[in-house]
Amino acid sequence: ETGVTQSPTHLIKTRGQQVTLRCSSQSGHNTVSWYQQALGQGPQFIFQYYREEENGRGNFPPRFSGLQFPNYSSELNVNALELDDSALYLCASSPVAGQGDTEAFFGQGTRLTVV
Amino acid sequence: DQQVKQNSPSLSVQEGRISILNCDYTNSMFDYFLWYKKYPAEGPTFLISISSIKDKNEDGRFTVFLNKSAKHLSLHIVPSQPGDSAVYFCAATDYRGSTLGRLYFGRGTQLTVWP
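A brief report on the enclosed structure follows.

Definitions and limits used
Residues numbered from 1 in each chain as written. Chains lettered and ligands numbered in written order. Predicted model: local features only at pLDDT ≥ 70, side-chain atom pairs only at ≥ 80, totals over all residues. Heavy atoms only, no water. Core = buried A, V, L, I, M, F, W, Y, C linked by side-chain atoms within 4.5 Å. Buried < 20%, exposed > 50% of the residue type's maximum accessible area, 1.4 Å probe, protein only. Helix = DSSP H or I, 4+ residues; strand = E, 2+ residues; numbered from the N terminus. Contact = heavy atoms within 4.5 Å. Phe/Tyr/Trp six-rings, centres within 6.5 Å; stacked < 30°, edge-to-face > 60°. Disulfide = S-S within 2.5 Å. Buried area = accessible area lost by both parts, 1.4 Å probe. Polar contact = N/O pair within 3.5 Å; in protein donor to acceptor, adjacent residues only side chain to side chain. Nonpolar A, V, L, I, M, F, W, Y, C, P; charged D, E, K, R; others polar. Pairing = 2+ DSSP bridges.

Structural notes on the nonpolar core
- With 23 residues, the main nonpolar core has Phe33(B), Trp35(B), Leu73(B), Leu75(B) and Tyr88(B) as its most contacted residues.
- Elements represented by at least two residues in this core include exactly β3 (19–25), β4 (32–38), β5 (45–51), β7 (62–67), β8 (72–77), β9 (86–93) and β11 (109–114) of chain B.
- Ranked by the residues each element gives to this core, the list is headed by β9(B), at 4 residues.
- What Tyr88(B) contacts, discounting residues up to four positions off in sequence, is Gln6(B), Leu21(B), Trp35(B), Tyr36(B), Lys37(B), Leu47(B), Leu75(B), Ile77(B), Gly108(B), Thr109(B) and Leu111(B).
- The next biggest cluster of nonpolar side chains, apart from the first, holds 20 residues, and it includes Leu11(A), Ile46(A), Val78(A) and Cys91(A).

See below:
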């Protein structure tokens, strides 16, 4: 059973560019969430995908968008990058519903720097 | 609006002693709480969780206590070890036994365990 993997691990982009971050969820998990963690802060919820549909969204502008694929892997796309988008982006997957106590399993994150 | 608060940014404890990390929340709809540990350059790692139907949950050296009337939870680590040195995040959600949704995180507490 593999864990949650994210790619790339580090990325430097220029303001105004677009970026795509990728996540492979843990085997058997059908829910993927994305979080942004700025320096000195806790992770902030961007959105969640459940069975390829968006299932909740945090307070992020529309230039943050996502996809979930049939194999439950996911992408986070950010358009028109701003300096404040520099952060650690975390992907988390969760198992199927109704299994009692549960948790979100996090990947190692993608460190995005916008210059 | 920070719905989950960790008011102590740092905690320093001697090896072998008890570490107590605190967390407060404001949203009475939260019914499931999780603690994560995070090392630099890694994603958060799940430690322990507790449902609102319980007031205590133990897993080895880790015990989480929940006081719903005070909207307060705490994580106890006994005995503390140098390897426990990390940032600890408290998270909360409205779970209701279905797919784990959005997690609301605190800003974290840096625990340092010294020999």
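What follows continues from the structure just given.
Brief notes about the packing of aromatic side chains
- Inspection of every chain in the model, using the stated rule, returns 13 aromatic pairs over all chains.
- Seen in terms of ring centroids, Tyr35(A) and Phe105(B) are 5.6 Å apart; in terms of plane orientation they differ by 85°. Their pairing is edge-to-face. Taken together, the residues Tyr35(A) in strand β4 (residues 31–37) and Phe105(B) in strand β10 (residues 104–105) connect one chain to another.
- When the centroid spacing of 6.3 Å and the interplanar angle of 85° are considered together, the rings of Phe89(B) and Phe105(B) count as edge-to-face. Remark: Phe105(B) occurs in strand β10 and Phe89(B) occurs in strand β9; sequence separation between them is 16 residues.
- Judged by relative accessible area, which is 3%, Phe105(B) ranks as buried.

Overview of the state of the cysteines
- One pass over the structure, following the stated rule, counts 2 disulfides over all chains.
- Here Cys23(A) connects covalently by a disulfide to Cys91(A), the sulfurs 1.8 Å from one another. A torsion of -65° about the S-S bond marks the disulfide between Cys23(A) and Cys91(A) as left-handed. Taken as a pair, Cys23(A) in strand β3 (residues 19–24) and Cys91(A) in strand β9 (residues 87–94) lie far apart in primary sequence, 68 residues in all.
- The class of Cys23(A) is buried, set by a relative accessible area of 2%.
- The disulfide partner of Cys23(B) is Cys90(B), and the gap between their sulfur atoms is 2.0 Å. Looking down the S-S bond of the Cys23(B) and Cys90(B) bridge, the torsion is -70°, so its handedness is left-handed. In this pair, Cys23(B) is assigned in strand β3 and Cys90(B) in strand β9, connecting sequence segments 67 residues apart.
- The exposure class of Cys23(B) is buried, given its relative accessible area of 0%.

Side note on the interface of chain A and chain B
- On the chain B side, the residues contacting the 25 residues of chain A number 24 residues.
- Counting the surface lost from both chain A and chain B, the interface buries some 1,900 Å², and carbon and sulfur atoms represent 52% of this.
- Interface area lost by chain A to chain B is led by Asp101(A), Thr102(A) and Phe106(A), which between them contribute 23%.
- Summed over the shared surface of chain A and chain B, the number is 4 residue pairs in polar contact (both at pLDDT 80 or more).
- For the side of chain A that touches chain B, a count of residues per class yields 9 nonpolar, 13 polar and 3 charged.

Side note on the sheet that holds β3(B)
- With respect to topology, 5 strands assemble into an open sheet ordered β1-β3-β8-β7-β6 (chain B), the strand pairing being antiparallel. Only two strands of the sheet have a single neighbouring strand rather than two, namely β1 (4–5) and β6 (56–59) of chain B.

Quick look at the environment of Arg57(A)
- Note that Arg57(A) resides in strand β6 (residues 53–57).
- Owing to a relative accessible area of 30%, Arg57(A) belongs among the partly exposed residues under this scheme.
- As for Arg57(A) and Ser33(A), which are separated by 24 residues in sequence, their C-alpha atoms are 9.5 Å apart.
- Ignoring anything within four residues of it in the chain, the contact list for Arg57(A) reads Phe45(A), Ile46(A), Phe47(A), Pro62(A), Phe64(A) and Arg102(B).
- Within the structure, the side chain of Arg57(A) is placed 3.5 Å from the side chain of Glu54(A), a separation counted as a polar contact.
- A distance of 2.8 Å separates the side chain of Arg57(A) from the backbone oxygen of Pro61(A), its partner in a polar contact.

Observations regarding the pairing of strand β7 (residues 64–68) of chain A
Residues and elements named next belong to chain A.
- Of the two faces of β7, only the one carrying Phe64, Gly66 and Gln68 is buried; Ser65 and Leu67 on the other face are not.
- As paired elements, β7 and strand β8 (residues 74–78) share 5 bridges and run antiparallel to each other. When the bridges of β8 are listed, Leu67 appears paired with Glu75.
- Hairpin connection, β7 to β8: the antiparallel pair is bridged by 5 residues, and Tyr72 has positive phi, about 75°.

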